[in-house]
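In case you want the letters, here they are:
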Amino acid sequence: MLTYISRRLATGLLMLVALSMLVFALLRLAPGDPIDAYINPNVAMSQAEMDALRARLGFDQPLPIQYLAWLRAAVTGDLGFSIQRNGVEVLPLVLERIGPTILLMAAGLAIAIMAGIAAGIVSAVRRNSATDLGLSVAAFFGISSPAFLTAILGLYLFSVVLRWAPSGGMLTPGAPFTVGDLLAHLILPACLLSIGHAALIMRYMRASLLEVLNQDYVRTARAKGVKEFWVIIKHATRNALLPVVTLIGSTIGIAVGGAIFIESVFNWPGMGLLLVNAVDTRDYPVIMGATLIIGACVILVNILTDIVYAAIDPRIQVA
Amino acid sequence: MRLKPLTLALAVTALLGTTALTLPAMAQEQKTITGGFDVGPGGFQGNFNPLAATGGFTWLNVYFEPLVNYNADLTAIEGALASEFSVNPGQTEYTFKLAKETWHDGKPFTSKDVKFTVDLAKNGETGTVFAARLGAVSGVETPDERTVVIKLSRPDSGFLATLTKLMILPEHALSGFTPKELATSTWWATKPIGTGPFKFKQYVTDQYVELVADEDYRLGRPKVDRVINRYFKNTAAAVAALRAGEIQFTYVESDDVPTFKGNNAFKVIEGQSFVVNYLGFNQQVPLWKDLRVRQAVMHAIDRQAIIDSLYGGAATVANCGYVAKQLVPEGLDTYKYDPAKAKALLAEAGWDKVNGTKPITWLTYYNTPQAANVMAAVQAMLAQVGINVVPRVVDTPTYNSIIYAANPDFGQFPLVYAGLQNGPDPSGLNIGLNAAQKPPAGANFLRIEMPEVTKALDTALAETDQKQLSARYQDVCKAMNANLPWATMWVANRYGVASTKLKDFVWVPAPAGGPYNAHPEKWSVEK
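Residues numbered from 1 in each chain as written. Chains lettered and ligands numbered in written order. Predicted model: local features only at pLDDT ≥ 70, side-chain atom pairs only at ≥ 80, totals over all residues.

Draft legend 1. Just the overall build of chain B, in detail. Along the backbone of chain B there are 18 helices and 19 strands. Relative to the globule expectation of 24 Å for 527 residues, the C-alpha radius of gyration of chain B, 26 Å, shows essentially globular dimensions. Seen through its principal axes, chain B has C-alpha atoms that stretch 85 × 85 × 40 Å. When the 527 residues of chain B are sorted by exposure, 50% land in the buried category. Across chain B, the fraction of contacts at a sequence separation of at least 24, relative to all contacts at a separation of at least 6, is 71%. (Helix = DSSP H or I, 4+ residues; strand = E, 2+ residues; numbered from the N terminus. Rg over C-alpha atoms; globule rule 2.2 N^0.38 Å. Buried ≥ 20, exposed ≤ 12 C-beta atoms within 10 Å, placed from the backbone. Contact = placed C-beta atoms within 7 Å.)

Here it is in structure tokens:
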């Protein structure tokens, strides 16, 4: 197991370096740089002024030199300074955003897992009933609704019309911190983030459970007189969960994508909002730093998923 | 009744969700005004450094102050930190008498702070955007603590307008930084000290900025205890917060205005954008060399119909690059909508040989649905007379990278759709219009070389008689109208919406957010 983990970690490191090179190259290929983003196109600015600003930021250097300088500093933990934020260091800036994003994603995934698994079980157990049909239709809507649409509709309905939840932010501006305030701001974006995942998990859970329910050992358990509830929960669900666990792990990356939309709509101060703002303003150091850390997190979660998978199913051998 | 375990689990999950959902948001303290002060085109979320500000002056001016400022009508410059000011007949020496004020940390504000600020603003190492604009300043003298004399090497009719955007900074707090350090210092966003009616309390990254009342403000203690500037990723989110009652003010898009009109809970604030939308003719491509072609473009577009149908009437036709009434003379050519005349002009100019119906890229950074509709209408109108333009919408950085490239590909922007931000100060257009301002010297990215326009601009810039200044700029307007360096379209209105609970609240959609004397110390809010 230790060799397996070490090998996966080494591969992950190489992937991170490749990722940083790719993002660096793509950023420089994209039109516009931080100075272009800084200029108000309605207000004229001279070439000399812009050149002076570029030279001050080191953008007048050749690209390989710029990348190597970034990489050399990055391996020592120095991800540089944000260009658009009065020189705030990138590493603390990104690290302080991990917490809110993890909170949002964890809450969203927790809701999705609970709702998805519960709905999947109900749907499978009551196969071909009206409940099954209703849940399946809801799941199709959930899967096919893009995050930006559900986020905007949810914001309008629950914040503007019903006023059940705040319209954005993580805490009430200027108010002292309370857990209640945090939860009040968290619940709506987390629920909206969970919709797509819950629907996907529900479909997987349903299909997996239906397959397991026809297995011999389930029939044997029933024949031995085990109550139906325990047959489903103890015997069938545990085995049916295997593909669902894999699915949850592999959709973490997708969840990051969804979180970017949700964070933008709800102004949730996480990695997604940071990244979108950075791309808008071509804040190269922040984009590089945030991508690196998101990449590291996704790789790490995938490795952890593999380990959990192996732990759940001892038949799986890792070399 | 005995619940099945599965049902029980589902019920508990639902209950937890419902409980959290209905938790009340923390009630804010009384006497707090929360707004989206940096939402919209005049805002600049996340910028705290006034030396580097190209917008966001409405908010900066709540805790910093300039020497002089525009009045709320944007028609005249009046005192701010300078209680009075005068200029010598040659327009080369400005004398400012300073108001008695203290910085937010209690230290006295003096003439040395003004000299310190002007010197910083001229030093390119600070990342300043004022260096070129203060190029005429030859020296700053401080005869006493309450007097500042700024000397210019040549008359600069835009000097006072530049000073309105220059927020005065505390020497005692910043003299420990080198100019280079100041450019990237976190001081601006953590502990800035100003002289305005409110003091900086905190910035919660990408969430909000909180200011508290300055008890010692010279014009009286503010009527509210706190002002909070909430950040939003876009205008729609700010509008949602306004409707939800979480904020009391925000800029709104014109499309949102009808939904607020007639609602007693809100007051719609309407004002001119001071941005003239125009079609810019790139003079480096052969398409637009002939004046008759440019005239044909003007005659081909039914500007009033577009204003009526797509702007709901909330825009004014612009016949030159200026907006302020005193700068627009009578008798300009209005270029009435006349497709037949446009076709005739094109035929005279030999348009079939110049370009014919070959597609012409029409570059813009305007990406709102309204702009898309406007461009589609213009595209159709131009197509009717035989000019085939193809809109290309890019984001602002991309647009800037194309037009300001060191070695530009002129084929990428033969025609642009953009805005000319001006306002009360007419000299600002010079850098994008004067033949001497072609890159790299200036920002005349369309490479306009029209002797009549350049001469009019040079004459206006050299005018030392303030009474004649407007007349000189009217000449510039006439030259623009006759030569058509740009096909000027209209000036659209912009809107803010405030809760009717706000009292004595002043906001105008000024270019770059102003600044202007909004007197935030007088703002109040009902319970």
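Draft legend 2. Spotlight on the packing of helix 7 (residues 147-161) of chain A against helix 8 (residues 179-213) of chain A. Residue and element names in this part refer to chain A. Running from N to C, helix 7 and helix 8 point in directions that differ by 145°, and their axes come no closer than 10 Å. The interaxial crossing formed by helix 7 with helix 8 has right-handed handedness. Of helix 8, the residues touching helix 7 (which contributes A147, T150, A151, G154, F158 and S159) are L188, L192, I195 and G196. Classifying every residue of the contact of helix 7 with helix 8 by side-chain character gives 6 nonpolar, 4 polar and no charged. (Axes fitted to C-alpha atoms, helices over the stretch in contact; angles between N-to-C directions. Left-handed = near helix turned anticlockwise from the far one by under 90°. Nonpolar A, V, L, I, M, F, W, Y, C, P; charged D, E, K, R; others polar.)

Draft legend 3. Quick look at the confidence of the model for chain B. Residue and element names in this part refer to chain B. Of the residues in chain B, 94% reach a pLDDT of 70 or more, and the chain-wide mean stands at 90. Within chain B, helix 10 (residues 291-300) carries the highest mean pLDDT (98), whereas helix 1 (residues 5-21) carries the lowest (44). Confidence drops under pLDDT 50 across residues 1-28; counting only partners more than four residues distant or on other chains, this segment forms 29 contacts. In the predicted assembly, ipTM is 0.76 and pTM is 0.82. (pLDDT = per-residue confidence, 0-100.)

Draft legend 4. Fine view of unusual backbone geometry. Residue and element names in this part refer to chain B. P439 connects to P440 through a cis peptide bond whose omega is 10°. Here P440 lies in the loop between helix 16 (430-433) and helix 17 (451-462). Across the junction of G514 and P515, the peptide omega takes the value 10°, indicating a cis bond. Structurally, P515 can be placed in the loop between strand 18 (502-503) and strand 19 (524-525). Located in the positive-phi region is R447, a residue other than glycine, with phi close to 55°.

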